[in-house]
Structures are given as C-alpha cells and as structure tokens.
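Letter by letter, the chains look like this.
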Amino acid sequence: MNLESYKVRDIISDFFNQNPWYKSDVWYGNELEVAKESCRPLNPSRNKINFSFSKNSYIKNEIKYYFGKSLNDSLYSVITIFEGKAHYLKRMLKFIDEYYPYSKTILEIPKEELMVEYTKYLGESGIKVKTIKKNNGTAVTPAVSLMSTFYDYIYNIFDLTPECDKDIWDGTKLPVEIDYTNTSTKKIKFTKVNQNHRELVKKYLRTRVVELKNLTFSVGFRYIHELSIFLNFLNDNHPELLIKDIERKHIVDYLKLIKNKMILDKTQRKKIKATNVYISSNLSIVRKFLVDLKILDWKEAPAQHIEALFLPNDNPHRTKSESFDNPKYIPDYIWDQVIDNIHLIEDRYVPIILIMEGSGFRGSDILGLKINCLERDNKGDYWLVGDQRKVNYKNHKVPISEELAKVVMSQQEVCKQNSTPENNPEGFLFVSYRGQRRGKPQTTSTLSRVLRAFAEKANIKDVNGEIYRFKNHAFRHRYGVTLINNGMNIVHVQRLMAHASPEMTLAYARIHDQTLKEAYFKAKSKGGVSFNMEGALVKTNIDEQAIANDLELEWIRHNYDSIRMDHGMCIKSTKMKCDYAEKVIEPPCIANNCRSFHVDTSFADYYKSQIIALEKDIQIYEENGHARSLEFANKKLQNYRKILNEISNNGSINGMPKERREYIGEERENSV
C-alpha cells in the first residue's frame, strides 16, 4: 500500500479547520449544520456521540473524518449516524485502543487481519456477528460492517497506489465508462485469482479495458470470474506449469472439471450441473484470453497453436433459450392495468416506466440518460438520444411521441431545479441527490423491486389470475412487438432498437404471427352478430361470414389485423368494393346495416365506453337545444345498446343469407 500518513493527517486537519464542529470530541446531533436538513429531530437519548475516551487519537480522528465527511457529502443522514452507526462506535474504539494503540492510521493494519481480530473480539464480548438472510445465506451484522465500511472509506480516500496496481479496481477511479445502474460491477476483484497468475490477469485486463478499451469494465468483471476458474485449476493441479507450456492434455483435464462443475441456478436457488450455455461461455473466455496472449506477443503466450489446444467439439452446442425465441413482453391487458393504477407508483419512478414503454431503450440505458437527452428536429418531431451500452452504440436516437417528450421535459425541469455540480456532476436525468448513491442514477435492481411491489399493491393479474411478475426488459420487448404489429419493416425495427443482429427482431415477428393466429381462433370461438336484410341483428360466426363472402379462412387468419376495426370486423370479399366508404355518418357499417359487418364479445368494452360517452353528449345536446345532433346521437345510442345487448346475452348469431352477401347479375360483371 502506498501511503504517507502525514498527508492523511494534513487532509483531516484541513477538514476540521473548515468544519470546526467535527473537531470536538463530543458531538451533539441537533446542533450540527447538516441537522437542519434532517427529516425529523433526533431522539434525545441518541443526540450525543462521545469520542473523548479513545486513546488512539490518530484513528479516532479518522473515524470522526469518516462520519463528518459522510454527513457533509450526504452519504449518510444525521439519523443514520447518531441513531444507527454510533450505537456500535464505543466498542469499536475500545477494540482499537486494546489491539492497535500505537497505529498512526487504520491503513497500517491489513484489512483481513483487522476483520478477523475484530470479529473474534465481538464474539468473545457476546455480540452477534452474523445473521441469516432469507435465502438461507449469511451476512455480517451492523456491528461488524461498521469497521469494514470505515476501513474501505479511508482506504479509498488516502491510498495513493495507482488503481491498476491494486488487487481491487474501483471503476470510478479509472478512465473507463461505468454502468452506474448495476452496483455489482463497479469493482473488479483480482483476489479471486491465485498469486502466481494474478499480475498477468491484471496486465491483461489493464490492456483491454483501460488502454485498448475493446472490453467494457462490466465484461471485464465477468472475465475475472471465468479466468479465475481456469487459472486456479492450473495452479492447483499443475503448480509448476507455465502458461506458455500448456498442452492439449491440460485442456482435456480442464474440460472434465468445467463440465462437471456445480453452479447456482438463481431461479431455483439451488446448485445444478453446469449447463451448455455456462460451459460454452467459460471456454470462449478462456480461449479468447490465450488467443490474445499470442496476438499481443507476450512471453506468457502458449507455444502451441490454439487450434491444437481447443478442438471444435470441445465447446458444447449452445441451444437458444426458450426466452430468446419467445421473449416475455408486456401485453396490452397488463399495460392497461399499469396505466389504471400508475398513481400507486412512487412519483420518481413513473417517468422511467413510461419512457421504458415508449422508447424501446433498455432499462439500464434509460437510467443512464443525461439531462440533454431530448432533441427536436426541424419538422418539430422529438427524438430520445442515449447510449446503448450492450452493443456500444453512442448517441442512439429513436423518435418518441409528443406526450412522451413532455414526460422527459418534466423530468428535465425537476433536474434543473435540484441538480448542482456537487449532487449531479455528470448530469444524469434520473439521479440520486442524497445517500451513498449521491450523483449516480437509480439502479436496475431497485427498479425491479419497485415494479414487483407495484404489481402486489395494484393487484395486477396475468391470464392465470396470478400476480404478474414484471421484468425490466419486457418493456423493451413490448416496444418491439408493438412496432411489428403496427406493420413496421423488420429491418427498420432492427435499426430502431439497435439490435446487433436480426435474430431478436425476428422473434418479435414470430410473436406477431402467433398473436394473429390466437386472435383469429378466439374470435372464431366467440361467435358474434351481424345485420340481416331488415337491419335486425342475427347470430353468426366468423367462418360462416367468410364463406358467405367468398373469403378463404386462411386469408382471414393471416390478415386479422387488417379486418379488425374499433367497433367490429369487416368480413368483406377482396373482390368487392365498400358500398359505404364515402358515407359520413359514423360508423357507416352500423348506420347502413352493412352485410359484411361482424361483432363479437371482444368488442364489448368498446361499446360500453361509447354508450357512456353518448349519454353524456345527449345530456349536453338536450341542455343546449341541439335537435339535429340529438337525433343522430339517440339513433347511434340505440344501435350501440342493441349490439351490446346481443353480444352480451345471446352469444353466437347467424349471418345474412348468402344471396344478400354476394354480387349478383350486373354487380358481378362490374366487379371483374
């Protein structure tokens, strides 16, 4: 560790001079400047922190600096410090006095040694050091974590070792782009790799992540996990073997290990045998590592050709997951429930959810949007601009509606009112202004928790009547499916969604085909209503009307979207022209008893809403004496009530006679 203890003392001394209330050995919470911003007064019994009994003034001052700086930077609130962390402070200071009375900084003590001794000390004092988590795992108690977080804070502030020389890299201190929406990938820990190979791996990732930048920091995080398995295997089984001397037999031995490795299935929360996807991913990274050593012409590079080390059949065939061919997207009936209950979501998450649904951006990319993410072209159309990290597309642009643009503008206004260079230095659109994530955007895991809680609170149900399980990425899939359903060219969809390949886009097209098929059979099973020659509603079904209109059933199935209107379906032969296309009374197919008009129970909600609206209009017309409007509205209301009554109570209804539905005589000749 590169540390100059006198510089540490100078920095702390300067802080105390600028903030004299932290220099005292006795703090009264309600008297501190930052207490004015607190949401509530402190508990009188927890208003005081006393450092005076501590004999090691150096480490005592480091703890005071840690607490004071965290308060000033809004990492912790006064409540958190005085009513939470201070509860364990007295015992921590006594431990320092007893075990390390002459240490001039906490960083003189190796952290591993410190935590072992302190945990042992707490246990001997009857203090609980571990707690059981819900998934049967364990975690340290707050009494233990206070020492750990304090040490890490001082280490991050005062250790002068170049970041790339450390065994743990903090991505925020490197000239690389960090995904702040994922808290698990901010640090790369080389401690997973054995000492014999650790420096080589650090050199390799420094070259690719920091210098060449052809590997993102988050993917580098994944590389460490996979390479540690391979390199630790070599170290444990062939300790004298140099990487340059690796032979095929060593790879064969490793294949046996990796193919029999037990991995954690996060869904089932249990260990399972390594899947083909996992094995393939691991071998791809190991192979890439060895290939790169040869490309970089490093002395550690294998002497043998890579093709002699890895054979084609080593890497198991990766079958596409079911979720790839059938991506889970949010269907309309779920989205309708979201809109109906959106008032139950905390205000700051509402714009995030609306932008996810309306832009097709990944959740992490939306959370990473900057304040200046909205553009308007010379035609007045709005565009959302942001990076697509997964495929490394910078400033990707998608058109958005004016309504969604207003949502973005509203959030921009919130940022302008609350952002400062201190609490939002990078200009994020969705940023945390306080706490440990101050200046950083919300996380994807937090957004997932919010959506899960929302589904429970709003009682959002799926088709099986169970609480719907939201996935952040399902909003993106919904966007893609909607574009395809609305007839957009698949190549344009691929470009708009920044898909690296057309495979995912094609999955949306398959959903579209399946949706049409399901909608057709659903309509077929429901039956419906149509008008007879006298204008009365009679029972019919979609098959009968198709045959009567000389339509192929297969044509209807594949053109279901084009025959479906707001108020019903047009079962009209492609040979016929519409008799009522020019009529102005709406809808003309109802007003003129159209022979090709079909309605089933799937349109019930439409007629219910229209009846309510018409009743309100009629009341206004009556109050204002608009006789002509009243006449049209009453007739429309009568027709709508009649249709709703029939589809609600009578089920299937027979269609009009065939002779009425076909062109005959002169009509037939004119249609050819």
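Residues numbered from 1 in each chain as written. Predicted model: local features only at pLDDT ≥ 70, side-chain atom pairs only at ≥ 80, totals over all residues. Heavy atoms only, no water.

Peer 1: Please clarify how the overall build of the protein chain should be interpreted in this entry.
Peer 2: A count of helical and extended segments in the protein chain gives 28 helices and 15 strands. Taking all 672 residues of the protein chain together, the buried fraction comes to 44%. Pairs at least 24 residues apart make up 64% of the contacts formed inside the protein chain by residues separated by at least 6 positions. When the accessible surface of the protein chain is summed, it comes to about 36,300 Å², and 49% of that surface belongs to carbon and sulfur atoms. (Helix = DSSP H or I, 4+ residues; strand = E, 2+ residues; numbered from the N terminus. Buried < 20%, exposed > 50% of the residue type's maximum accessible area, 1.4 Å probe, protein only. Contact = heavy atoms within 4.5 Å. Areas by Shrake-Rupley, 256 points an atom, 1.4 Å probe, with all protein chains shown as cover.)

Peer 1: Mind showing me how you'd approach the nonpolar core here?
Peer 2: One recurring pattern in soluble globular proteins: nonpolar side chains tend to sit buried together. Grouped together as the largest cluster of nonpolar side chains are 49 residues, with contacts concentrated most on Leu205, Phe230, Leu231, Phe289 and Leu290. Those elements that provide at least two residues to this core are helix H7 (195-211), helix H8 (217-237), helix H9 (248-259), helix H10 (276-295) and helix H11 (306-309). For this core, the element with the highest residue contribution is H8, accounting for nine residues. Excluding its chain neighbours within four sequence positions, the residues that come into contact with Phe289 are Leu200, Tyr204, Leu227, Leu231 and Ile243. In this structure, Ile12, Ile63, Tyr76 and Ile154 belong to the second largest nonpolar core, which totals 47 residues. (Core = buried A, V, L, I, M, F, W, Y, C linked by side-chain atoms within 4.5 Å.)

Peer 1: How should I be thinking about the pattern of salt bridges in this particular structure?
Peer 2: Charged atoms that come close allow side chains of opposite charge to pair. Tallying each qualifying case throughout the model produces 22 salt bridges. Notably, a salt bridge pairs Lys166 with Glu163, separated by 3.0 Å at the nearest N-O pair. Here Lys166 matches Glu163 in class, with each residue buried. In this structure, the salt-bridge partner of Asp292 is Lys288, at a minimum N-O distance of 3.2 Å. In this pair, Asp292 and Lys288 both sit in helix H10, four residues apart, roughly one turn of the helix. Looking at Asp292, the relative accessible area reads 7%, which means it is buried. Accessibility expressed as a relative area gives 31% for Lys288, which makes it partly exposed. Among the ionic contacts, a cluster of salt bridges with common partners joins Asp167, Arg198, Glu199 and Lys202. (Salt bridge = Lys/Arg side-chain N within 4 Å of Asp/Glu carboxyl O.)

Peer 1: Is there a simple way to explain the sheet that holds strand E11 (residues 393-400) in this structure?
Peer 2: The pairing of strands in a sheet happens through backbone hydrogen bonds and is either parallel or antiparallel. With antiparallel pairing, three strands are arranged side by side in an open sheet as E9-E10-E11. If you trace the sheet from one side to the other, it starts and ends with strand E9 (374-376) and E11, each paired once. For this sheet, the mean inter-axis angle between neighbouring strands, taken without regard to orientation, is 35°. Sheet topology places E9 next to strand E10 (residues 382-388); three bridges connect them, and they run antiparallel. Its bridge partner being in E10, Glu375 is matched across the sheet by Trp383. (Pairing = 2+ DSSP bridges. Axes fitted to C-alpha atoms, helices over the stretch in contact; angles between N-to-C directions.)

Peer 1: Teacher, can you tell me more about helix H14 (residues 350-359) here?
Peer 2: The α-helix winds at 3.6 residues per turn, so residues separated by three or four positions along the chain end up facing the same way. Burial within H14 is extensive, with eight of its 10 residues counted as buried. Taken together, the buried positions of H14 are Val350, Pro351, Ile352, Ile353, Ile355, Met356, Glu357 and Ser359. In the stretch just after H14, Gly360 is the one whose phi turns positive, near 80°.

Peer 1: Is there a simple way to explain H8 in this structure?
Peer 2: Taking 1.5 Å of rise per residue, 21 residues should cover 30 Å, and H8 covers 30 Å from first to last C-alpha, within 8% of that figure. When the local axis directions of H8 are compared, the greatest deviation, roughly 25°, occurs at Leu227. (Expected span 1.5 Å × (residues − 1). Bend = angle between axes of the 7 residues up to and from the residue.)

Peer 1: Hey, could you run me through unusual backbone geometry in this one?
Peer 2: Across residues other than glycine, the phi torsion is negative in most instances, and most of the peptide bonds are trans. Unusually for a residue other than glycine, Lys213 sits at a positive phi of about 55°. Topologically, Lys213 is positioned in the loop between H7 and H8. Here Asn395, not a glycine, exhibits a phi torsion of approximately 50°, which is positive. Mapped onto the elements, Asn395 comes out in strand E11. Residue class for Asn395 comes out exposed when judged on its relative accessible area of 54%.

Peer 1: Looking at this structure, how should I read the pairing of E10?
Peer 2: Regular strands show a simple pattern: their side chains alternate between the two faces of the sheet. Within E10, five of the seven residues are buried, leaving the element largely enclosed by the surrounding structure. Linking E9 to E10, which pair antiparallel, is a turn of five residues; within it Gly380 sits at a positive phi near 90°.

Peer 1: What is the right way to read the side chain of Arg478 from this model?
Peer 2: Relative to the assigned elements, Arg478 resides in helix H18 (residues 472-485). Separated by 2.8 Å, the side chains of Arg478 and Glu357 make a polar contact. When neighbours within four sequence positions are excluded, Arg478 is seen to be in contact with Tyr329, Ile330, Pro331, Asp332, Trp335 and Glu357. (Polar contact = N/O pair within 3.5 Å; in protein donor to acceptor, adjacent residues only side chain to side chain.)

Peer 1: Before we go on, may I ask you to explain the environment of Asp159 in this structure?
Peer 2: Mapped onto the elements of the fold, Asp159 is located in the loop between helix H6 (142-158) and strand E5 (168-170). Separated by 52 residues in sequence, Asp159 and Leu107 place their C-alpha atoms 8.3 Å apart.

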